[in-house]
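A closer look at the structure
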Amino acid sequence: MASSAPRQASEGSGGSLLANLMHFARTLRAAGLPVGPGKVIDAVAAVRTIGITDRRDFYWTLHAVFVNRPDQRLIFDQAFHVFWRNPDLLKKMMGLVLPELRVEGEEDPGAAMARRLAEALHPNQNEGSEAEETETELDAAMTFSDREQLRGMDFEKMSLEELARAKAAIAKLRLPIEDVPTRRFAPDRHGARADLRATMRAALRSGGLIELKRKDPRRRPPPLVVLCDISGSMSRYSRVFLHFMHSVTNDRDRVHTFVFGTRLTNISRYLRYRDVDLALERVAEAVVDWSGGTRIGHCLAEFNRLWSRRLLGQGAIVLLITDGLDRDAGAGLAHEMDRLHRSCRRLIWLNPLLRYEGFEPRSLGMKAMMPYVDEFRPVHNLESLEILIEVLSTPVTRRATAASAWRHSEERAA
Amino acid sequence: MGTARRMFALPTTVTDTLELLGSADYIADRSLATAVHLALHLKRPLFLEGEAGVGKTEIAKVLATALGRRLIRLQCYEGLDVATAVYEWDYARQMIEIRLAEAANEDRDEIESTIFSDRFLIKRPLLQALEPEIEGPPVLLIDELDRTDEPFEAYLLELLSDFQVTIPEIGTIRADQPPIVVITSNRTREIHDALKRRCFYYWVDYPTAARELEILKRKAPGASESLSREVVGFVQKLRGMDLFKLPGIAETIDWTEALMQLDVLELTPHAINDTLGVLLKYQDDIARLHGSEAARLLEQVKAEAAAAAA
């Protein structure tokens, strides 16, 4: 990125701090941070407040302005070190803000400033972090290729007719999820609570008898988290499921989507593209473990540890889509399923049992998972979105019946 | 609270800010002090994110004490609405007022202007924070914002950019001087970027061993040096493990106090097993650590301490 190197500040031009910060902001934006023009102005104000006396302070000042989320910290750190490496530039910039510092600073700035300047500009400071960076890169490259099989995926484009059918199907979708009452209220003539505010206003309007107005809790669908298996045994269905997840993501708010094979990938952001072909293309790029093995336990553990507290907070429903065929033969799976089950309002397992009817999977993975699901929805012939939607839209069966039905069939087979 | 609070000037440099926090027993990183300094001077909210128990809420309390300001706290929860966060009318008193006025045959317009006056307004935290105080603008702590829902977040957006509240019956109330706003989040969900953009963001991390030891000295002064070192060493080891919920600084302090209550002078596997519930809050984590694993970690800690002393 030669173009993003900081421009040399020309002596005496007052806009150099602004220009360089603007440049830095552009670098950050190129690196993927959501940095708008307003941020640059904020950054200038912030730098003027703190003053450039110390490299660390300068770092944390820009950090406070530009960083919004914990995952952006690393990008910022790298961008900062690459961008502000040139000490000459920093020195010149200090020259620019120095007059102001003298006005603000209460003590004699002369000697102390020079020493601090020297400290701040000491080139040794960068070395540590750079060495670390290269080390981690090497590390990452080693870990992934030897253990798992990474594959790309090419989805055919959706035809207009298909698109229309998908829309029609999703319109029919009734997830086995009930709307849940929130703690907010809406006026309701037959509501259980008195709406005193509305009552008071109505009383003033009419005078005479005070008519009691009522309200009732608003209801809204709970957040939905979809965890979808994309391993080899599921590859037949990937397209159907991705279309389903795309439609659901764009149909309602608070939907989070993950796919997993040997690793867990959050694809919610890509699925938010309105255009389904574009969305699927992005997903195909982002996911690296298409049609490989499955490590359900491992992926669920990762979900539980990193995401569950963030996504399952407000009574979320989890839709788990997998055939339960696990490469690790169910190791650690029961434990993670238990945790997942306890953290969400309802856990629904959708299982596309293999192609023919009457197939009875008795894999270790399935056995480990079954006790922890609230609802089990098998589907035999999954060719299209319509069938999937149909299966999902059938009314709720109680968890006990679903589980015991399966257990009975297992006993019969044994 | 009877004594008059003194008014303190805002710190002028980052170092001063660091000292100010230190004067109220908050041992902060310089990076945190920078963010606090920016928030104080540029009059923007400070947005603190981090795991539970790393001292986010404490910063607001400490700022209020150190600056001699009033602390107004809004604890967030799902379904928090205007009536509990901003203002509400005192309906019962309004009803009585209307009845009395009607009995006295007062004019209806007059009744309306009377009952929607300051006298019948119940002020909730956000409205209180906009009112002028003798000691200077108060510290407004909006705690655990991630627990509310999006509509409240959107409401806050308006309040935090203009520091004004509109009450339809009265009009717009605006703060002469914006309060010092501290927003905390445990990140149980992502707060919208639009809100974060208006704030200075800081991720409060677990402290280093040295800093944690310093904090422990301030917060649990009764503990012996050697016990404190062992406690910090052990907790730091735990944070390197793959636990479901890592212990925060609050847990470190609680644990030290628990150990002192039990007259423990030195960490032993037995003492750890008895008090593990203070440190870890998930059954799986406790089960994992109970017994041999705790003993193994403790051995490591002691070995390292011995190596450092030698």
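Residues numbered from 1 in each chain as written. Chains lettered and ligands numbered in written order. Predicted model: local features only at pLDDT ≥ 70, side-chain atom pairs only at ≥ 80, totals over all residues.

Residue and element names in this part refer to chain B. Taken in spatial order, the five strands line up as 2-5-8-1-9 in an open sheet, and their pairing is parallel. Of all strands in the sheet, those with a lone pairing partner are strand 2 (71-75) and strand 9 (200-204), marking the two edges. Geometrically, the sheet is characterised by an average inter-axis angle of 20° between neighbouring strands, direction not taken into account. In terms of strand pairing, strand 2 meets strand 5 (residues 139-143) through five bridges, oriented parallel. Each bridged residue has a counterpart across the sheet, and for Arg-73 the counterpart in strand 5 is Leu-141. (Pairing = 2+ DSSP bridges. Helix = DSSP H or I, 4+ residues; strand = E, 2+ residues; numbered from the N terminus. Axes fitted to C-alpha atoms, helices over the stretch in contact; angles between N-to-C directions.)

Right, let's talk about the pairing of strand 5 (residues 255-260) of chain A for a bit. All names here are of chain A. The buried fraction of strand 5 is high, at six of six residues. Side chains Val-255, Thr-257 and Val-259 project from strand 5 onto one buried face, and the interleaved His-256, Phe-258 and Phe-260 project onto a second face that is buried too. Direction of pairing for strand 4 (residues 224-229) relative to strand 5: parallel, over a ladder of six bridges. The residue bridging Leu-224 from the neighbouring strand is Val-255, located in strand 5. Adjacent in sequence and paired antiparallel, strand 5 and strand 6 (residues 264-266) are bridged by three residues. (Buried ≥ 20, exposed ≤ 12 C-beta atoms within 10 Å, placed from the backbone.)

Attention now moves to the domain arrangement of chain B. Residue and element names in this part refer to chain B. On domain assignment, one finds that chain B holds domain 1 (14-86 + 124-204) and domain 2 (209-309). The C-alpha centroid of domain 2 is placed 32 Å from the C-alpha centroid of domain 1. Counting residues at the interface gives seven residues for domain 1 and ten residues for domain 2. Considering only residue class, the side of domain 1 that touches domain 2 consists of three nonpolar, two polar and two charged. (Domains from an automatic or database assignment. Contact = placed C-beta atoms within 7 Å. Nonpolar A, V, L, I, M, F, W, Y, C, P; charged D, E, K, R; others polar.)

Take helix 13 (residues 296-311) of chain A next. Residue and element names in this part refer to chain A. Helix length check: helix 13 (16 residues) gives 19 Å between terminal C-alpha atoms against 22 Å at 1.5 Å per residue, more than 12% under. Asn-304 marks where helix 13 bends most, by close to 45°. Turning to helix 13, its buried residues number three or more, namely Ile-296, Gly-297, His-298, Cys-299, Leu-300, Ala-301, Phe-303, Asn-304, Ser-308 and Leu-311. (Expected span 1.5 Å × (residues − 1). Bend = angle between axes of the 7 residues up to and from the residue.)

Below, the discussion takes up the environment of Thr57(B). In this structure, Thr57(B) sits in helix 3 (residues 56-67). The sequence separation of Thr57(B) and Arg73(B) amounts to 16 residues, and the corresponding C-alpha distance is 9.7 Å.

Right, let's talk about the interface of chain B and chain A for a bit. Contact residues are listed per partner, giving 31 residues for chain B and 30 residues for chain A. Considering each element in turn, the side of chain B that touches chain A owes the most residues, eight residues, to helix 2 (residues 30-42) of chain B. For the side of chain B that touches chain A, the class distribution of residues is twelve nonpolar, eight polar and eleven charged.

Let's shift gears to the packing of helix 1 (residues 16-30) of chain A against helix 2 (residues 37-50) of chain A. Residue and element names in this part refer to chain A. Taken N-terminus to C-terminus, the directions of helix 1 and helix 2 make an angle of 130°; their axes are 9 Å apart at the nearest point. What the angle tells us is that helix 1 and helix 2 run oblique. Handedness of the helix 1/helix 2 crossing: right-handed. Only Lys-39, Val-40, Ala-43, Val-44 and Val-47 of helix 2 make contact with helix 1, whose side of the interface consists of Leu-17, Leu-18, Leu-21, Met-22 and Ala-25. Taken together, the residues of the contact of helix 1 with helix 2 sort by class into nine nonpolar, no polar and one charged. (Parallel < 35°, antiparallel > 145°, perpendicular 65-115°, else oblique. Left-handed = near helix turned anticlockwise from the far one by under 90°.)

Right, let's talk about the nonpolar core for a bit. Among the nonpolar cores identified, the biggest contains 98 residues, and Ala64(A), Ala35(B), Leu46(B), Leu63(B), Val182(B), Phe200(B) and Tyr202(B) are the most heavily contacted of them. Top element by residues in this core is helix 3 of chain B. It accounts for seven residues. In contact with Tyr202(B), other than residues within four places in its own chain, are Ala64(A), Leu32(B), Ala35(B), Leu46(B) and Leu48(B). Membership of the second largest hydrophobic core comes to 59 residues, among which are Met245(A), Ala279(A), Ile317(A) and Ile321(A). (Core = buried A, V, L, I, M, F, W, Y, C linked by C-beta atoms within 7 Å.)

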